[in-house]
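Here is what each chain is made of, one letter per residue.
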Amino acid sequence: MTKGIKIATIGGGSSYTPELVEGFIKRYDRLPVRELWLVDIEEGKEKLEIVGNLAKRMVKEAGLPIEVHLTLDRREALKDADFVTTQLRVGLLEARAKDERIPIKHGVVGQETNGPGGLFKALRTIPVILDIAKDMEELCPDAWLLNFTNPAGMVTEAVLRHTNIQKVIGLCNVPIGMKMGIANALEVDPSRLHIDFAGLNHMVYGLNVYLDGVSIIDDVIEKLASGDANYTMRNISDMGYDPEFIKGLGILPCPYHRYYYKTKNILEEEKEHAKEGKTRAEVVQQIENELFEIYKNPDLKEKPKQLESRGGAFYSDAACSLIDSIYNDRRDIQPVNTRNNGAIAGIPADSAVEVNCVITKDGPKPITVGELPIAVNGLVQAIKSFERVSIEAAITGDYNKALLALTINPLVPSDEVARVILDEMLEAHKEYLPQFFPKETVKN
Ligand code: G6P
């Protein structure tokens, strides 16, 4: 291997790229990145130029010999890469806005990774990721694929079960966000905390919390119940839970659990946002416009503070620590999306789960959890069924499977509502769904 690491980032024109670049700069002493290839598609060319030039300025300012390459040629970027990261959004924010708006009209939560939005994001994204995996087989078969693209759990599972690329890990900032939120509420340094994470992507629970090795879950539950430890992410409402419900639950929900345990309240809030033209996609569009204006400034040489208004806080820390631990065989514990292999009882062995793992040079080794508490096991199982059927629909383009996926999703109240939403969303996203509309002109 040539000295130093080659990284290819697909969707490199994303506004999140400075996060990643900052993470590599901070860790250069132990993670010597030689080449960073930022790849995008024709439609993303302008953003790629802007964010790529900022990345180059950041590296230059840090005085590091990292070569930053900007390209529309994915194959050139993948050639002999050591790590491939994916942070793409098929159909851009316009597609996200449809995922969020259409279900609300029919009385169903509109969110990009849960419910109908999650299904459609999977239908648009999975075929593109499988294509990338095919290119990797040919151009960098030994590389690790680190997927940040949502729905991260489903995308990871699709690669695991439907390609020859087995060195794939799905990464999300929800667990690290929860840890930071709790550390903040307890006013302790996050390095003193450890949380036993288990579940699925955007459906993960903290089963136990330790401070300096001593379990403090009961105190944290008390604080959560009293509203003194109310953590969330920028993209999710911070509405609190009924205190008695939280005490009954006895474990930590993730911010996305509000969609399931506070469905009615979230839906009302979303309806208001939609009325005001402020769905999350629309808010993010505004933030993105501002961010790219800021990125254009030739005097800017570091990640700007304003990036913190996106939901992906700590994303670079999560991503870079993962790469660091694989590259350096650190054998530390990190929550990632990986093949279950029996870690969580009742979930198929070949399915992706989000669980604490020991991160080694040979990848994540999941830590056995056993059975999840009975009160949450059913929901996790239901979401896993939804994910598996959605993946099947994404790969086959089978209408009945897509309808089945939507109908079994706990956020959808009936088969009839599922059908109305499905038909409207299929039509709205047609150009990005070649598996359902083989004769249409489609884009990736
Ligand atoms: C959270 C989730 C990510 C998601 C992001 C959306 O951080 O963990 O999976 O992509 O929020 O943030 P945005 O700013 O795009 O709404």
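- Naming follows an unreviewed UniProt entry, where the chain appears as 6-phospho-beta-glucosidase of Priestia taiwanensis.
- Taken verbatim from the UniProt record of the chain, the Sequence similarities (unreviewed entry) comment is "Belongs to the glycosyl hydrolase 4 family."

## Remarks on the site of the ligand
Part 1: Around the ligand lies a shell of 16 residues, among which Arg96, Asn173, Arg280, Arg310 and Gly311 are the nearest.
Part 2: Contact distances for the ligand include 2.8 Å between an oxygen atom and a side-chain N or O atom of Asn150.
Part 3: The side chain of Arg310 places a nitrogen or oxygen atom 2.7 Å from an oxygen atom of the ligand.
Part 4: Coverage of the ligand by the protein amounts to 93% of the 390 Å² it exposes when considered alone.

## Regarding the packing of aromatic side chains
Part 1: Here the structure, examined in full by the defined rule, presents seven aromatic pairs.
Part 2: Their ring planes at 55° and their centres at 5.3 Å tell us that Tyr16 and Tyr315 sit as a pair that is tilted. In this pair, Tyr16 sits in the loop between strand S1 (5-10) and helix H1 (17-26) while Tyr315 sits in helix H13 (residues 315-327), placing the two residues 299 residues apart along the sequence.
Part 3: Since its relative accessible area comes to 17%, Tyr16 is described here as buried.
Part 4: A centroid spacing of 6.4 Å and a plane angle of 65° characterise the contact between Tyr241 and Tyr261, whose relative ring orientation is edge-to-face. Of the two residues, Tyr241 is situated in the loop between helix H8 (217-225) and helix H9 (243-249) and Tyr261 in helix H10 (residues 258-261); the sequence distance between them amounts to 20 residues.
Part 5: Residue Tyr241 is classed as buried on the basis of its relative accessible area of 13%.
Part 6: A residue is classified by how much of its surface remains accessible, and Tyr261, at 27% relative accessible area, is partly exposed.
Part 7: In this structure an aromatic cluster arises from ring pairing among Tyr16, Phe148 and Tyr315.
Part 8: Against the face of Trp37 rests Lys6, its NZ or CZ located 4.6 Å from the ring centre.

## Details of helix H7 (residues 174-186)
Think of an α-helix as 3.6 residues a turn; residues three or four steps apart then line up on the same face.
Part 1: Compared with the 18 Å implied by 1.5 Å per residue over 13 residues, the 18 Å span of H7 between its first and last C-alpha is a close match.
Part 2: Among all positions in H7, only Val174, Pro175, Gly177, Met178, Ile182 and Ala183 are buried.
Part 3: Its buried side turned inward, H7 meets strand S7 (193-200), strand S8 (203-211), H8, strand S10 (332-339) and strand S11 (352-360).
Part 4: Downstream of H7 by a residue or two, Glu187 has a phi angle that is positive, lying close to 55°.

Cut-offs and rules
- Residues numbered from 1 in each chain as written.
- Predicted model: local features only at pLDDT ≥ 70, side-chain atom pairs only at ≥ 80, totals over all residues.
- Heavy atoms only, no water.
- UniProt positions renumbered as here; feature names shortened; annotations may be inferred.
- Near = heavy atom within 4 Å.
- Polar contact = N/O pair within 3.5 Å; in protein donor to acceptor, adjacent residues only side chain to side chain.
- Areas by Shrake-Rupley, 256 points an atom, 1.4 Å probe, with all protein chains shown as cover.
- Phe/Tyr/Trp six-rings, centres within 6.5 Å; stacked < 30°, edge-to-face > 60°.
- Helix = DSSP H or I, 4+ residues; strand = E, 2+ residues; numbered from the N terminus.
- Buried < 20%, exposed > 50% of the residue type's maximum accessible area, 1.4 Å probe, protein only.
- Lys NZ or Arg CZ within 6 Å of the ring centre and 35° of its normal.
- Expected span 1.5 Å × (residues − 1).
- Contact = heavy atoms within 4.5 Å.

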